[in-house]
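Given next are the chains, with one letter for each unit.
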Amino acid sequence: MCVKIKNMLFLALVVFGCTSCSIANEAMDEEKENNNVVIQDHSTEKPGEVSKYKVFRGEIRRINDLAKPEIYFPAGSDYRQLENETEEEESMWEDEENNYLIVEPGSVRYTTQEFYDTYETLLYDKKGKFRENFDEILEKENITSVSEKKAIETVNDIIEKNSFSIKDTKTYSLTKDNLTKLSRMFMSDQEYKEYIKDPTNEPMKRDFAKRDEGYLVVMSVCVGENVLYHNDYDYGERFYCGSYIWAIVNKEGLVTFQASGIYNVDVSEPEEIEVLSLVNAKQAMNQKFENIISANKVECKEIQQSYLAVGDGKSQTVSFIPVYVFLIEQKINDTKGGEQRQAIETMSFILDMENGKWIE
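Residues numbered from 1 in each chain as written. Predicted model: local features only at pLDDT ≥ 70, side-chain atom pairs only at ≥ 80, totals over all residues. Heavy atoms only, no water.

Some thoughts on the overall build of the chain
Looking only at helices and strands, one finds 8 helices and 19 strands in the chain. Counting the 360 residues in the chain, one finds 47% classified as buried. Long-range pairs, those at least 24 residues apart, make up 71% of the contacts in the chain between residues at least 6 apart in sequence. Split by element, the accessible area of the chain, about 19,000 Å² in all, is 45% carbon and sulfur. (Helix = DSSP H or I, 4+ residues; strand = E, 2+ residues; numbered from the N terminus. Buried < 20%, exposed > 50% of the residue type's maximum accessible area, 1.4 Å probe, protein only. Contact = heavy atoms within 4.5 Å. Areas by Shrake-Rupley, 256 points an atom, 1.4 Å probe, with all protein chains shown as cover.)

Okay, structure coming up:
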């Protein structure tokens, strides 16, 4: 049982959710015909302008600083710590209700059986990544069984007891209708009928009730006032560590709490650096696609400024560097189900603001 749950948790951790500070959005610049990317941006920055940013240092938060099972398990839980069955550095707790807590350096994962039974498969896209478009998918609705305020307070209590640095709290209504909508994005009703014909399958839940309703709470992890980007990258000799916090709260209380990329940060003596201007960053994006031939134009929907935690993958020490994040969309031909139709593929490209190199 423990090994099964642990493997499921590892798969869940490969993905995330957390938003970055947007510095350009929505407005469309007039683009020259020979531009390779349509960039939506209303920046007033002039060519040649140079900005200065700070690079901070820190280290991954240790297990002992994060091991607080009493703030996750429900009141009266008979949770107990498990012996470590692997060589990995981690601590684990479980109770008789199949609630689990796994703590690793810089990471906390609390899950309940209800999370796996009801919510888990709905939160990830077809590529296995935590959805970043809940704003576009889910209707904002009140839930009668638990208030939005209570959900935020529940998560904030955990944040405060752990001394996590966060901002940009967002909530999403996991109503019966919204849960159904998410389930049908995974596969159509006809595909689902075909899927469950095989008795060896464990199909995702499709019939939801009021008792399943709750709030998804998503937060950004910060270094000072700087939001950290949420995805992991293993690139060359450096490892880029993603940071995120999200949780689900329903009428029974905390259903899951997931946090990764948690650090102790030294903000006392940051290094000041000069960075690539946004104008030059946009030029770099065009150059990246200059030899790409496609019937459908590549479109940059948004440019964000964020920070990445950079480590060597070996030590606990990290640096926090500024980056540009380009959110890219392109129409593609989709032949799913034998029908020819267009779909939109989304991608993120990250540019190191100091050296102008792509992080891929």
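Description of the packing of aromatic side chains
Across all of its chains, the model carries 14 aromatic pairs by this definition. Taking the centre distance of 5.2 Å and the plane angle of 80 degrees together, the rings of tyrosine 263 and phenylalanine 320 count as edge-to-face. You can see tyrosine 263 sitting in strand E15 (residues 263-275) and its partner phenylalanine 320 sitting in strand E17 (residues 317-334), a full 57 residues away along the chain. Comparing tyrosine 263 with phenylalanine 320 shows no difference in burial state: the two are buried. Every member of this aromatic cluster is reached through a ring pair, and the members are Phe115, Tyr116, Tyr124, Phe130, Phe134, Tyr172 and Trp246. A cation over an aromatic ring shows up here: arginine 206 above the ring of tyrosine 192, its NZ or CZ 4.4 Å from the ring centre. Taking the ring centre of tryptophan 358 as reference, the NZ or CZ of lysine 288 above it sits at 5.0 Å. (Phe/Tyr/Trp six-rings, centres within 6.5 Å; stacked < 30°, edge-to-face > 60°. Lys NZ or Arg CZ within 6 Å of the ring centre and 35° of its normal.)

Structural notes on the environment of threonine 256
Inspection of the secondary structure puts threonine 256 in strand E14 (residues 253-260). On the accessibility criterion, threonine 256 (0% relative accessible area) is buried. The sequence separation of threonine 256 and tyrosine 72 amounts to 184 residues, and the corresponding C-alpha distance is 8.7 Å. Beyond its immediate sequence surroundings of up to four residues, threonine 256 is in contact with Tyr110, Thr111, Phe115, Trp246, Ala247 and Ile248. Of note is the side chain of threonine 256, whose polar atom sits 2.7 Å from the backbone oxygen of tyrosine 110. A distance of 3.1 Å separates the side chain of threonine 256 from the side chain of glutamine 258, its partner in a polar contact. (Polar contact = N/O pair within 3.5 Å; in protein donor to acceptor, adjacent residues only side chain to side chain.)

With respect to the pairing of strand E5 (residues 91-94)
Side chains Ser91 and Trp93 project from E5 onto one buried face, and the interleaved Met92 and Glu94 project onto a second face that is buried too. In this sheet, E5 lies alongside strand E4 (residues 80-82) in antiparallel orientation, the contact comprising 3 bridges. What sits directly across from leucine 82, in E5, is methionine 92. For E5 and strand E6 (residues 100-104), the ladder comprises 4 bridges, and the chain directions are antiparallel. Bridging from a neighbouring strand, glutamate 94 pairs with tyrosine 100 of E6. (Pairing = 2+ DSSP bridges.)

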